[in-house]
Amino acid sequence: MIKVAKFGGTSMADGVNFRRVADIVNADSSRRFVVVSAPGKRYGGDTKITDLLYSAHTALEATGALGESFKKVRERYVSVVRETGLDFAIEELLDRTEEEIKKIRSADFTVSRGEYLAAKVMAALLGADFIDAKDVIRFTADGKLDEASFALLAEAFKGKKRTVIPGFYGALKDGTVKTFTRGGSDITGAITARAAGADLYENWTDVSGFMACDPRIVENPERIPSLSYQELRELSYMGANVLHSESIFPVREADIPIQIKNTFRPEDDGTLILPPSKYRYGGRTVTGIAGKTHFTVIFLEKSLMNAEIGFTYKVLSVLYRHGVSFEHMPTGIDTMSFLIDGALLEGGVLEQICREIKEAVNPDHLRVYDDVSLIAVVGHGMSKNVGTSARLFGAIASAGVNVRMIDQGSSELNIIVGVDTEDYERTVRAVYREFFE
Ligand code: ADP
Ligand code: ASP
Ligand code: MG
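It should be emphasised that the depicted structure is a prediction, and the values quoted were computed from it without experimental measurement.

Calculation criteria
- Residues numbered from 1 in each chain as written.
- Chains lettered and ligands numbered in written order.
- Predicted model: local features only at pLDDT ≥ 70, side-chain atom pairs only at ≥ 80, totals over all residues.
- Heavy atoms only, no water.
- Helix = DSSP H or I, 4+ residues; strand = E, 2+ residues; numbered from the N terminus.
- Rg over C-alpha atoms; globule rule 2.2 N^0.38 Å.
- Buried < 20%, exposed > 50% of the residue type's maximum accessible area, 1.4 Å probe, protein only.
- Contact = heavy atoms within 4.5 Å.
- Lys, Arg positive; Asp, Glu negative; His and termini not counted.
- Charge placed at Lys NZ, Arg CZ, Asp CG, Glu CD.
- Near = heavy atom within 4 Å.
- Polar contact = N/O pair within 3.5 Å; in protein donor to acceptor, adjacent residues only side chain to side chain.
- Nonpolar A, V, L, I, M, F, W, Y, C, P; charged D, E, K, R; others polar.
- Pairing = 2+ DSSP bridges.
- Right-handed = clockwise from strand over helix to strand, strands pointing away.
- Core = buried A, V, L, I, M, F, W, Y, C linked by side-chain atoms within 4.5 Å.
- Axes fitted to C-alpha atoms, helices over the stretch in contact; angles between N-to-C directions.
- Parallel < 35°, antiparallel > 145°, perpendicular 65-115°, else oblique.
- Left-handed = near helix turned anticlockwise from the far one by under 90°.

A. Looking closely at the overall build of the chain. Secondary structure assignment for the chain yields 14 helices and 17 strands. A compact globule built from 437 residues should have a C-alpha radius of gyration of about 22 Å, and the chain, at 24 Å, falls within 12% of that. If one aligns the C-alpha atoms of the chain with their principal axes, the spans along those axes are about 75 × 55 × 40 Å. Looking at the chain as a whole, 53% of its 437 residues qualify as buried. Taking contacts inside the chain between residues at least 6 apart in sequence as the whole, the part at least 24 apart equals 73%. Between the averaged position of the 53 positive side-chain charges in the chain and that of its 61 negative side-chain charges there is a distance of 4 Å.

Laid out in structure tokens, this is it:
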């Protein structure tokens, strides 16, 4: 049995937790590959190391000095080492790191040091080998994962009993450090699992599994005992950020299950995320609910638009020219809307796009709805149970919420509903009550 154990920032917040993580790893000799994130928040209102490092980079660019944020980073690691009781020359490592950050001056390099330093300390604590992700996780020139990474990792693992690998970053072929998107240590864990030929990818965090709904919105939601890769992809893409939505791609071909585990309650079962070969439908209509806030909807109406060859192409060309991607494109007869992450449309981009769409296709109406939120209701059981949509929309109507948009995925695995952001949490609670209480 071979396991990869990835520990998130919430599991690594201070020295006491570093010890807790080491105890979990040491409790099972099959946990041979350990991936760590940078220390996260120790308490509400605290700042994650990664965020401190982003601020330090901004300060460096603006003033030429790393400033207060980097001082805080230093203090955090010094106290982590002190609390573990480890004999480790952290000050020297921090001095060297500071010099490199100043020399290299890239945001990706600077923030990657959070994971780098955490992995160095964890390797010392476990008496394990440290492998630098920059030597084994490779990106292609266009920023995608290079398949060569799997062989590079496998080579680096040879002859080693236990290894610690920093999450979140890798490098281009020329050695330039590059990070994944936020929360990307989950992807490093998945890549490691595939390269190691693991039987299980354990993802240790601060909750006892994947919940049927965001625990910050519904108190004590039901735990999902198991879900399929596809359900995970839909739920995490749509905002259930307990696991990065790209985590399944590296493990998919190797059929490796992912288990969500709680560092603070290691005895809890957690959640198993299973490949198609191992997944069995458990009988539930809805597996889980997730959501994302702050979308903008551009709504177009034009009589006979379907008969106008190239209509969609012309609209999409405008978005393409502005480098703006859209999340959903519900269409009707003579109508079409685009849901776009509001952050991509700031600074006059929205106005410019609307102008260009009007010029390109001359719609009868073009309307913009601000601040729409999306709620995804996900589950293999939805297509098996007649009346699911009626229950869903009945629950939303009873909560007095106006539905702005509906998109039933062609996979029949999800229904996505758009509501005003001010109705978002109320809607999630109403849908949860309908299917889980
Ligand atoms: P880590 O630091 O371990 O990577 P994250 O903060 O990335 O942890 O993910 C865990 C958090 O995800 C939980 O603390 C919880 O607040 C949040 N979360 C959102 N949706 C869900 C869900 N459906 N189930 C469990 N946790 C969820
Ligand atoms: N430390 C990184 C972040 O905060 C990566 C991770 O935690 O997975 O996004
Ligand atoms: Mg995470």
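Still to come is the rest of the account.
B. Up close: the site of ligand 2. With respect to spatial proximity, the complete set of residues near ligand 2 consists of Ser-37, Lys-48, Thr-50, Glu-115, Phe-168, Arg-182, Gly-183, Gly-184 and Ser-185. Separating a nitrogen atom of ligand 2 from a side-chain N or O atom of Thr-50 is a distance of 2.7 Å. In the environment of ligand 2, an oxygen atom lies 3.0 Å from a nitrogen or oxygen atom belonging to the backbone of Ser-185. Taken together, the residues of the shell around ligand 2 break down into one nonpolar, five polar and three charged.

C. A look at the pairing of strand E1 (residues 3-7). Extensive coverage of E1 is indicated by the burial of five of its five residues. Going residue by residue along E1, you find Lys-3, Ala-5 and Phe-7 tucked away on one face and Val-4 and Lys-6 tucked away on the opposite face as well. One ladder, built from five bridges, connects E1 with strand E8 (residues 200-205); its direction is parallel. Bridged to Ala-5 within E8 is Glu-202. Summarising the sheet, E1 and strand E2 (residues 31-36) pair through five bridges and their orientation is parallel. Bridge pairing in E2 places Ala-5 opposite Val-34. The β-α-β motif built from E1, the intervening helix H1 (residues 15-26) and the parallel element E2 has right-handed crossover chirality.

D. Structural context of the nonpolar core. If you look at the biggest cluster of nonpolar residues, it comprises 115 residues, and the most contacted ones within it are Phe-7, Tyr-77, Met-122 and Val-164. With eleven residues, helix H5 (residues 107-126) is the single largest residue contributor to this core. Those residues in contact with Val-164, other than ones at most four positions away along the chain, are Val-34, Val-36, Ala-119, Met-122, Ala-123, Leu-126, Ala-128, Asp-129, Phe-130 and Ile-131. Within the second largest apolar cluster, 18 residues are counted, among which are Leu-300, Leu-319, Cys-354 and Ile-357.

E. Broad picture of the sheet that holds strand E14 (residues 335-341). Read across the sheet, six strands follow the order E13-E14-E12-E15-E17-E16 without closing on themselves; strand pairing throughout is antiparallel. Only two strands of the sheet have a single partner each, and these edge strands are strand E13 (331-332) and strand E16 (403-408). Of the pairings in the sheet, the one linking strand E15 (residues 365-378) to strand E17 (residues 414-420) comprises seven bridges and is antiparallel in character. Each residue of the ladder has a partner; that of Val-378, found in E17, is Asn-414. Each of E15, E16 and E17 is contacted by helix H13 (residues 388-398), which is oriented at about 15° to E17, the strand it contacts most.

F. Just the packing of helix H3 (residues 67-84) against helix H4 (residues 90-104), in detail. At their nearest, the axes of H3 and H4 sit 10 Å apart, and the two run at 155° to each other. In terms of axis orientation, H3 runs roughly antiparallel to H4. When the axes of H3 and H4 are compared, the crossing they make is right-handed. Of the residues in H4, those in contact with Phe-70, Arg-74, Tyr-77, Val-78 and Val-81 of H3 are Ile-90, Glu-91, Leu-94, Asp-95, Glu-98 and Ile-101. The residue makeup of the contact of H3 with H4, split by class, is seven nonpolar, no polar and four charged.

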